[in-house]
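# Examining the three-dimensional arrangement
What follows is each chain in one-letter form.
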Amino acid sequence: MRWLLLFVLVLQSPWLMAQTIGEGTGLLTPDDQTLVEPLRQFSSSDLEERFHRLNWTLRCMQCDNQAIGDSNAPVSAQMRDRVARLLEDGYSDREIVDFMIERYGEGVTYRPRLGGHTIWIWVAGFALTAFLVAVILGIRKRHSGPSDDPGDTKLTAEEQARLRALRERSRGESA
Amino acid sequence: MRWVVFVPFFGVLVAATVFGYMLSQGEDQGSAPSTRIGKVLPTLSLQDLSDEDLIRVNEDLYGSPFLLNVWGSWCPSCRIEHPVLNKLADEESVRIIGLNYRDTRDGGQEWLVDRGDPYEFTVFDPIGEFGFDLGVVGAPETYFIDAEGIVRHRHVGILSERHWDNTLRDVWESL
């Protein structure tokens, strides 16, 4: 019977978790200390869609590896609230991300902007690739040179005589 | 020229060492990057914690260097930090201004009566709007600001006596 209860609980747990996260998110207001996510009303469904998309491209600054759309930290609630307000004010997605970067730094977005110090990530990647290709080509070239192919080898008369002498000697030793 | 192949491995090793060192440095100091460093404080227009008719603006803060300490009566870590601030204000006459962050007026006032008031004055930011513009992630945080209102240093988390003795006193004296 206990096992059955546990099984039912396990089955329910994802639903339970979803419930607590949903209930715990929101903005802390001065008159009401409980955290409740406000029911947001957008002037168009397009804004609402952009709101949800932006929530998943901005990082929660208090928690590791969570987007603000996935976090119930107070600072995330505040950021969601601000995103909604800026959207209604007619800001573009890029301007909203810029607004957040101005306050919380480059780390706030999951897609760092190209330029400044981030350019080095790209430069270093391409430079390293080019370097590796050069090294591989260099090695291949050295190994494919004519001297490595025994069929091509030309010995001088003197060298042939020495080779013959060495062979004779080794045959004599093994006998 | 065979050693050339090992250059990338060596490069990665060096990079890992440097980044590892930088990471460990950051955690020791409790200092955090802020987009506000080197810039002037955002526009402030908030009520004083003890007097709602008194509106504090940027000019009330400037004139001599100060610490802007973000706190709230809901914040357990601030409890640990508060005696340190009291001591700094009493013994080293450090000018500290409080930013009461996402708190209730009663809660904030009660806190100062119970635990002592190290602040020249405290501004009341119940929704955390000014904190948001400043890039506050959570309490406690302490900003080192010079006489012109330019943010010079940001300390995240509890400001302990050890931090103060190790590095922060030097930062304060350099303002």
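Residues numbered from 1 in each chain as written. Chains lettered and ligands numbered in written order. Predicted model: local features only at pLDDT ≥ 70, side-chain atom pairs only at ≥ 80, totals over all residues. Heavy atoms only, no water.

## Observations concerning the nonpolar core
Condition: We define a nonpolar core as any set of buried Ala, Val, Leu, Ile, Met, Phe, Trp, Tyr and Cys residues linked to one another through side-chain atoms lying within 4.5 Å. Burial classes: relative accessible area under 20% of the type maximum marks a residue as buried, over 50% as exposed, and values in between as partly exposed (1.4 Å probe, protein chains only). A run of H or I in DSSP becomes a helix once it reaches four residues, and a run of E becomes a strand once it reaches two; helices and strands are each numbered from the N terminus.
Core analysis: the biggest nonpolar cluster contains 39 residues, and Leu41, Leu68, Ile96, Tyr143 and Trp164 of chain B have the highest contact counts within it. Those elements giving two or more residues to this core turn out to be strand E3 (66-71), helix H3 (76-91), strand E4 (96-101), helix H4 (105-115), strand E5 (122-125), helix H5 (129-134), strand E6 (141-145) and helix H6 (161-174) of chain B. Among the nonpolar cores identified, the runner-up in size contains 24 residues, and Cys60, Cys63, Val75 and Tyr104 of chain A belong to it.

## Considerations on the state of the cysteines
Filter applied, for reference: When the sulfur atoms of two cysteines come within 2.5 Å, that pair is taken as a disulfide.
Applying the stated rule across the entire model yields two disulfides over all chains. Disulfide pairing is shown between Cys60 of chain A and Cys63 of chain A; the S-S distance is 2.1 Å. Its S-S torsion of about 95 degrees marks the bond between Cys60 of chain A and Cys63 of chain A as right-handed, since a negative value means left-handed. Comparing Cys60 of chain A with Cys63 of chain A shows no difference in burial state: the two are buried. A disulfide bridge connects Cys75 of chain B with Cys78 of chain B, and the sulfur atoms are separated by 2.2 Å. Negative torsions about the S-S bond denote left-handed disulfides, and the value of about 90 degrees found for Cys75 of chain B with Cys78 of chain B makes this one right-handed. In terms of burial, Cys75 of chain B and Cys78 of chain B fall into one category: buried.

## Re the environment of Tyr119 of chain B
Residue and element names in this part refer to chain B. Spelled out, the test is: In this description, contact between two residues means that some pair of their heavy atoms is separated by no more than 4.5 Å. Under this definition, polar contacts are N or O atom pairs within 3.5 Å; protein pairs additionally need one hydrogen-donor-capable and one acceptor-capable atom, and for neighbouring residues in sequence, both atoms have to be side-chain atoms.
Note that Tyr119 resides in the loop between H4 and E5. Judged by relative accessible area, which is 6%, Tyr119 ranks as buried. Sequence separation of Tyr119 and Gly98 is 21 residues, and the distance between their C-alpha atoms is 5.7 Å. Setting aside residues no more than four positions away along its own chain, Tyr119 makes contact with Asn69, Trp71, His82, Leu85, Ile96, Ile97, Gly98 and Leu112. Side chain to side chain, Tyr119 and Asn69 meet in a polar contact 2.8 Å long.

## A short note on unusual backbone geometry
Residue and element names in this part refer to chain B. Residue Pro140 follows Ala139 across a cis peptide bond; omega there is -10 degrees. The residue Ser93 is not glycine, and still its phi comes out positive at about 40 degrees. Note that Ser93 resides in the loop between H3 and E4. Despite not being glycine, Arg102 shows a phi value in the positive range, around 50 degrees. When you line up the elements, Arg102 lands in the loop between E4 and H4.

## A word on the interface of chain A and chain B
This is how it is decided: Definition used for salt bridges: Asp or Glu carboxyl oxygen within 4 Å of a side-chain nitrogen of Lys or Arg. In the scheme used here, Gly and all other residues not listed as nonpolar or charged are polar, with Ala, Val, Leu, Ile, Met, Phe, Trp, Tyr, Cys and Pro taken as nonpolar and Asp, Glu, Lys and Arg as charged.
Opposite the 24 residues of chain A that make contact, chain B presents 21 residues. Seen at the junction of chain A and chain B, the total is four salt bridges. The salt bridge involving Asp133 of chain B is made with Arg103 of chain A; its shortest N-O contact spans 2.9 Å. Inspection of the chain A/chain B interface yields nine residue pairs in polar contact (both at pLDDT 80 or more). When residues of the side of chain A that touches chain B are traced back to their parent elements, those giving at least two are helix H3 (74-88), helix H4 (93-104) and helix H5 (119-143) of chain A. Within the side of chain A that touches chain B, the residues separate by chemical class into 15 nonpolar, four polar and five charged.

Nothing here speaks to function; it is all geometry.
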